[in-house]
Amino acid sequence: MEDIQIIDLYWRRDEQAIGETDSKYGGFCHKLSMNILHSFQDSEECVSDAYIRCWDTMPPQRPASLRAYLGAILRNLSISRYRAAHALKRFGGAEILLSELEDCVPSPENVQKTVEAAELSGLIARWLQGLGIEDRALFIRRYWNGDGVKELAGELGVRPNALTKRLLRLREALRRELEREGVNI
Amino acid sequence: MNRKGETFFDAITLLPEGMVEEAQDYAFRKSRTSWRKFASLAACMMLVVSLGLLAALPRGCGGAAPDWNKSEPPIPSGDVSPGDMPQEPEDTLDGAEPAAQFTAMVIEVRDSGTQAILLVEPMDGEDEKKVADRIEVATGKELPEVSAGDFVLITYDGTIQETYPARITGVVSIERQEK
């Protein structure tokens, strides 16, 4: 079923919407949440919560891409659960993603203003737009989907070490761009 | 808690839906390196086996053995000038042996007078594309007439600096290609 038809089901308050969402994007959702939490049970609960959140927000929302919309909800739910688990000294897969993303933080001497997540998102989107499609897809698959380096290296047909270097270059390029913009995180 | 990393995480969550959707549907092109490695290995093994077989053949098989006692041909009298010696074919520009070549599309041309820099995107399928999708090609040589969108064949010494964009300084030649 097409996204637009599933979204129509939500708007008609037809419970089949959740079943159709699960059959189309269930695998994608579980993988995305697992990449962050590394816990089957936690990710299962997050995916169920994401479906409920979709039910609660459509209407009034009518997303252009159901997958991206669902994914954004799921990332928020998963990171909240990660924060709660982290407070209880339980460590999840987000640990690695967050530590890698720290490479993008501009150095304090090069910054002039502090930005919020929404503004930072706009800057990152503009920087991504200037990259080639392959680098852009690679960055998003690693840091939005949380896909593993080994998995991505397998898809690209390169060694994981080579991909790690390429990702490092991308993060450094983003850091330089943010420093040029003079932003603080 | 890693607050700055989490700010980035939240910012990435808010990326435009269209951009996220594009990345989900993008199919990466596999590098050809793996089969090339196997092909090179197979070629090397074939060479070793062939040489081994040739060495194992008894003298007399596969053609007449050379007559080592035969006298050497007479050397012509007179001095031999360097001009008489067989000449090696000339190398490319600067005498440097080209180590690598790739075709790329020009994105931007910057010419400061003393140095010209081309920002290029290697074509799909080129090995350089696996290293970087944007490469700055710096050269002091005169550039052919190129502008953004043109295709060029770049010959260089095989070294790519791992910056972003990546950078090539050991340029041997840049040739404009027909589309």
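Whatever comes next refers back to the structure up there.
Residues numbered from 1 in each chain as written. Chains lettered and ligands numbered in written order. Predicted model: local features only at pLDDT ≥ 70, side-chain atom pairs only at ≥ 80, totals over all residues. Heavy atoms only, no water.

**Brief notes about the overall build of chain B**
Put simply, the rule is: Helix and strand definitions follow DSSP, with helices as H or I runs of at least four residues and strands as E runs of at least two, each counted in order from the N terminus. Each residue gets one of three labels from its accessible area relative to the maximum for its type: buried under 20%, exposed over 50%, partly exposed in between, using a 1.4 Å probe on protein chains only. Contact criterion: two residues are considered in contact whenever any of their non-hydrogen atoms come within 4.5 Å of each other.
Looking only at helices and strands, chain B has four helices and six strands in total. Secondary structure elements in chain B, listed N-terminal to C-terminal, are α-α-α-β-β-α-β-β-β-β. Expressed as a percentage of its 179 residues, the buried residues of chain B come to 33%. Excluding contacts between residues fewer than 6 apart, the proportion of contacts in chain B whose partners are at least 24 apart in sequence is 57%.

**Let's talk about the pairing of strand S4 (residues 151–156) of chain B**
All names here are of chain B. What counts here: At least two DSSP bridges between two strands are needed for those strands to be called paired.
Across the six residues of S4, six count as buried, placing the element largely inside the fold. Across the two faces of S4 the burial is the same, with Phe151, Leu153 and Thr155 and Val152, Ile154 and Tyr156 all buried. Inspection of the sheet shows strand S1 (residues 100–111) paired to S4 by six bridges, in the antiparallel sense. Across the sheet, residue Ala104 finds its bridge partner in S4, namely Val152. Judged from the six bridges that link them, S4 and strand S6 (residues 171–177) form a sheet pairing that is antiparallel.

**Remarks on unusual backbone geometry**
Residues and elements named next belong to chain A. Here Met58 and Pro59 are connected by a cis peptide whose omega angle stands at -10°. On the secondary structure map, Pro59 appears in the loop between helix H3 (40–57) and helix H4 (66–87). Backbone torsion omega between Pro59 and Pro60 reads 15°, so that peptide bond is classified as cis. Inspection of the secondary structure puts Pro60 in the loop between H3 and H4. You will see that Arg13, though not glycine, has its phi angle at about 60°, which is positive. Tracing the backbone shows Arg13 in the loop between helix H1 (3–11) and helix H2 (16–37). Exposure remark for Arg13: the relative accessible area of 38% places this residue in the partly exposed category. At His38, a residue that is not glycine, the phi angle is positive and equals roughly 55°. Along the chain, His38 falls in the loop between H2 and H3.

**Quick word on the packing of aromatic side chains**
For any pair of aromatic rings, the description consists of the separation of the ring centres together with the inter-plane angle of the planes. This is how it is decided: Each Phe, Tyr or Trp ring, with Trp reduced to its six-membered ring, pairs with another whose centre is within 6.5 Å; inter-plane angles below 30 degrees give stacked pairs, above 60 give edge-to-face pairs, and intermediate values give tilted ones. Our definition puts a charge over a ring when NZ of Lys or CZ of Arg is within 6 Å of the ring centre and also within 35 degrees of the ring normal.
On inspection of all chains with the given rule, the structure shows seven aromatic pairs over all chains. Arranged with centres 6.2 Å apart and planes meeting at 55°, the rings of Tyr10 of chain A and Trp55 of chain A form a pair that is tilted. Residue Tyr10 of chain A is found in helix H1, and its partner Trp55 of chain A is found in helix H3; the two are separated by 45 residues along the sequence. Looking at Trp55 of chain A, the relative accessible area reads 18%, which means it is buried. Aromatic ring contacts, followed pair by pair, group Tyr25, Phe28 and Trp144 of chain A into a single cluster. For Arg62 of chain A, the ring lying beneath its charged end belongs to Trp11 of chain A, and the centroid distance is 4.5 Å. The ring of Phe9 of chain B is capped by Arg75 of chain A, whose NZ or CZ atom sits 4.0 Å from the centre of that ring.

**With respect to the interface of chain B and chain A**
Cut-off, in case you're wondering: Put simply, buried area is the surface a 1.4 Å probe can reach on two separate parts but cannot reach once they are joined, added for both. Each reported salt bridge corresponds to a side-chain nitrogen of Lys or Arg within 4 Å of a carboxyl oxygen of Asp or Glu. Each polar contact in these results corresponds to two N or O atoms within 3.5 Å; when the atoms are within protein, one needs to be able to donate a hydrogen and the other to accept it, and residues that are neighboring in sequence are counted only if both atoms are side-chain atoms. Residue polarity is assigned by list, with Asp, Glu, Lys and Arg as charged and Ala, Val, Leu, Ile, Met, Phe, Trp, Tyr, Cys and Pro as nonpolar; anything else, Gly included, falls into the polar class.
If you look at the interface, chain B gives 38 residues, while chain A gives 60 residues. When the area that chain B buries against chain A is broken down by residue, the three leading residues are Phe8, Phe9 and Phe28 of chain B, summing to 18%. Put simply, chain B and chain A have four salt bridges between them. Close ionic contact of Glu162 of chain B with Arg169 of chain A constitutes a salt bridge, the shortest N to O distance being 3.7 Å. Here chain B and chain A share 18 residue pairs in polar contact (both at pLDDT 80 or more) between them. Mapped onto the side of chain B that touches chain A, the elements with two or more residues apiece are helix H1 (3–13), helix H2 (17–25) and helix H4 (127–131) of chain B. Broken down by element, the residue count for the side of chain B that touches chain A peaks at eleven residues, all from H1 of chain B. Counted by class, the side of chain B that touches chain A contains 15 nonpolar, seven polar and 16 charged residues.

**Description of the sheet that holds strand S3 (residues 135–139) of chain B**
Two orientations exist for strands paired in a sheet by backbone hydrogen bonds: parallel and antiparallel. Residue and element names in this part refer to chain B. Definition in use: What counts as an axis is a line fitted to C-alpha atoms, over the stretch in contact for a helix, and the angles between N-to-C directions run from 0 to 180 degrees.
In spatial order, the strands read S5-S3-S2-S1-S4-S6; together these six strands make up an open sheet with mixed pairing. The open sheet has two free edges, formed respectively by strand S5 (166–168) and S6, since each of these has just one partner strand. Averaged over all pairs of adjacent strands, the angle between strand axes in this sheet comes to 40°, irrespective of strand direction. Pairing between strand S2 (residues 116–122) and S3: five bridges, direction antiparallel. Paired with Ala116 across the strands is Thr139, a residue of S3.

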